[in-house]
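# Commentary on secondary and tertiary structure
Listed below are the residues making up each chain.
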Amino acid sequence: KQYRDMDKPTDVLSFPMFEKDELEEKIKNNDFEHEDVPYTSIEEAMADIGDDPAIIYLMDDITIEQTIVIKNDITIESDGLPHTISVPAGFEGPMFEVVDGGALSLGSHAENYEVDVLYINGSNVTADALINVQTGGSVEIYSGTVIFGADNIESAIKSVDTIEMY
């Protein structure tokens, strides 16, 4: 079940990882730190985003269960605290697949991040890369983003197009 308040902006999304009872209580009381739309997973947020550009703010560590296909402008950043995106054991495929027309930004565009706040843990990935960028796609990695756990695969990022690091 998706939870949204249609009076709130749809271009900025967040998905805090709440227990079901806690999430229901927060929805009932409209008790969120951001004026965003809460989701319980990246997959749920991406399904709702569709072809629209969006910013996803992580409010907790998360585990993705399937490859996230990026087909538009998507920024994933932390709420200012350290958070990790990981996958379960035996995960097959890249964590992120950036297709033609897609642009994935990891981390904040702000210049005041002095500590690492977004961790991409690919320790359980069984693919050629954690992030696969196809022709016409792009990836931007901002300061404060740490990609790790690519020890047993060919590359952390595999690209036939644009990778920019700030």
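See the structure printed just above.
Report on the accompanying structure. (Residues numbered from 1 in each chain as written. Predicted model: local features only at pLDDT ≥ 70, side-chain atom pairs only at ≥ 80, totals over all residues. Heavy atoms only, no water.)

### Focus: the overall build of the protein
The secondary structure content of the protein amounts to two helices and 15 strands. Here the protein holds 166 residues, and the buried ones make up 46% of them. Of all intrachain contacts in the protein linking residues separated by at least 6 positions in sequence, the fraction that spans at least 24 positions is 72%. Summing over all exposed atoms, the protein offers an accessible surface of approximately 8600 Å²; the carbon and sulfur share of this is 44%. (Helix = DSSP H or I, 4+ residues; strand = E, 2+ residues; numbered from the N terminus. Buried < 20%, exposed > 50% of the residue type's maximum accessible area, 1.4 Å probe, protein only. Contact = heavy atoms within 4.5 Å. Areas by Shrake-Rupley, 256 points an atom, 1.4 Å probe, with all protein chains shown as cover.)

### A look at helix α2 (residues 42-49)
Across the eight residues that make up α2, a large majority, six, are buried. Looking only at α2, the buried set comprises Ile42, Glu43, Glu44, Ala45, Met46 and Ile49.

### Digging into the sheet that holds strand β11 (residues 129-133)
The four strands lie next to each other as β5-β8-β11-β14, forming an open sheet whose pairing is parallel. Whereas interior strands pair on both sides, the edge strands pair on one side only; in this sheet they are β5 (68-70) and β14 (155-159). Neighbour-to-neighbour, the strand axes of the sheet open up by a mean angle of 15°, direction not taken into account. Pairing of β5 with strand β8 (residues 96-98), which is carried by three bridges, proceeds in the parallel orientation. Considered in β8, the bridge of Ile68 is made with Phe96. (Pairing = 2+ DSSP bridges. Axes fitted to C-alpha atoms, helices over the stretch in contact; angles between N-to-C directions.)

### Overview of the environment of Ser138
In this structure, Ser138 sits in strand β12 (residues 138-141). Each C-alpha atom, one on Ser138 and one on Gly102, is 6.5 Å from the other, the two residues being 36 residues apart in sequence.

### As for the sheet that holds strand β7 (residues 83-86)
Pairing in this open sheet of four strands is parallel, and the strands run β4-β7-β10-β13 from one edge to the other. Every interior strand has two partners, whereas the edge strands, β4 (62-63) and β13 (145-148), have only one. The pairing of β7 with strand β10 (residues 118-121) spans three bridges and is parallel. Each residue of the ladder has a partner; that of His83, found in β10, is Leu118.

### Re the pattern of salt bridges
The final tally for this structure, using the stated rule, is two salt bridges. Asp51 serves as the salt-bridge partner of Lys71, at 3.7 Å between the closest nitrogen and oxygen. Residue Lys71 is located in the loop between β5 and β6 (73-78), and its partner Asp51 is located in the loop between α2 and β3 (54-58); the two are separated by 20 residues in the primary sequence. In this structure Lys71 comes out as partly exposed when scored by relative accessible area, which is 46%. Between Lys158 and Asp128 there is a salt bridge; the shortest N-O distance is 3.3 Å. Of this pair, Lys158 sits in strand β14 while Asp128 sits in the loop between β10 and β11, and the two are 30 residues apart along the sequence. With a relative accessible area of 35%, Lys158 lands in the partly exposed category. What makes Asp128 partly exposed here is its relative accessible area of 41%. (Salt bridge = Lys/Arg side-chain N within 4 Å of Asp/Glu carboxyl O.)

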